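A structural walkthrough
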Amino acid sequence: MLALLAYPLIVTLGQAFWVDGGLSLAVVRETLSTAGFWQVLSNTVIFTVGSTLISMLLGFSFAYALEFVEGTRRFFASVLIIPLAMMPVVSALTFGMMLDPALGVVNAVADLAAWSGSGWHTETPTALATVMMVDVWQWTPFCFAIIHAGFRSLPADVSEAARIDGATARQELFSISLPMMGSVLLVAFVFRFMEAFKAFDVIYVMTQGGPGRASETLVIRAYKEAFLFFKPETAASIGVLLLVTTLIAARPIGRALTKST
């Protein structure tokens, strides 16, 4: 197992930093100076942060709202996690057909409402937001499932005591529930962040990073450098950047789990 993990890492580091028989940052400098790199990096930050925050907000809202539902809670919880059961490629293809500017059902309904519609993933201003929307739809159930489990694990006697003392629902949420769920929220946030950071399926199926570089992220750029432009060293340098970012993002989980044990 160690060899399976170490060998690709060694090869990647070698391609990124070993040039002409010695260590060098030439490949990294070339990657950073490549045309469009900083736009791709900006797209990655916008997509990752936007998808993560929106998914967390929606997941938390659904989980909290479900705390006030009795009897049908299991039914609604099952319905809310349905998107998570779909393969990302299937979701991307489905939304791609629905949002097709000419034949999609979304623009057809918009036409009936006397709205001109949009090119969605085929136009530069809306491409990144469109693939982000699909990614949020796919992964909000993941955040919901973790946060819902966190709410269900809270001790009932603490909430009952707070209600007896006259605490409002808002006070109970911000003074009791959220502080006790800190580790749960952190785990959900970091895992969602890493999933958004390495998103590939939805973006590649719907736009392939286009139009132009409007929706291209670092993962898409690494794929293109390796398999379309045949520059494995550039792809390796991007891969190192992705790896370092992922390791940094994973550290809070380790600290949270260590504190909880």
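**Some details on the nonpolar core**
Nonpolar side chains in soluble globular proteins generally cluster together in the buried interior. Residues F47, V131, V202 and M206 are the most contacted members of the largest nonpolar core, which totals 15 residues. The set of elements that each furnish at least two residues to this core consists of helix 6 (88–98), helix 8 (124–153) and helix 12 (201–206). Top element by residues in this core is helix 8. It accounts for five residues. Those residues in contact with M206, other than ones at most four positions away along the chain, are A92, F95, G96, L99, H121, T130, V131 and V134. Counting residues in hydrophobic clusters, the runner-up holds 14 residues, among them A63, L66, L154 and A188.

**Details of the confidence of the model for the protein chain**
Confidence in the prediction of the protein chain, expressed as mean pLDDT, is 87, and 95% of residues score 70 or more. Within the protein chain, helix 3 (residues 37–66) carries the highest mean pLDDT (95), whereas strand 2 (residues 22–23) carries the lowest (68).

**Comments concerning the packing of aromatic side chains**
One pass over the structure, following the stated rule, counts 14 aromatic pairs. With 6.3 Å between their ring centres and 5 degrees between their planes, F60 and Y64 make a pair best called stacked. With F60 and Y64 both in helix 3 and four residues apart, this pair spans about one turn of that helix. A centroid spacing of 5.9 Å and a plane angle of 40 degrees characterise the contact between Y64 and F151, whose relative ring orientation is tilted. Remark: F151 occurs in helix 8 and Y64 occurs in helix 3; sequence separation between them is 87 residues. Take Y64: its relative accessible area is 21%, and that puts it in the partly exposed class. Classification of F151 by relative accessible area gives buried; the value is 5%. These aromatic residues form a ring-pair network of at least three members: F60, Y64, F68 and F151.

Reading the values: the criteria
- Residues numbered from 1 in each chain as written.
- Predicted model: local features only at pLDDT ≥ 70, side-chain atom pairs only at ≥ 80, totals over all residues.
- Heavy atoms only, no water.
- Core = buried A, V, L, I, M, F, W, Y, C linked by side-chain atoms within 4.5 Å.
- Buried < 20%, exposed > 50% of the residue type's maximum accessible area, 1.4 Å probe, protein only.
- Helix = DSSP H or I, 4+ residues; strand = E, 2+ residues; numbered from the N terminus.
- Contact = heavy atoms within 4.5 Å.
- pLDDT = per-residue confidence, 0-100.
- Phe/Tyr/Trp six-rings, centres within 6.5 Å; stacked < 30°, edge-to-face > 60°.

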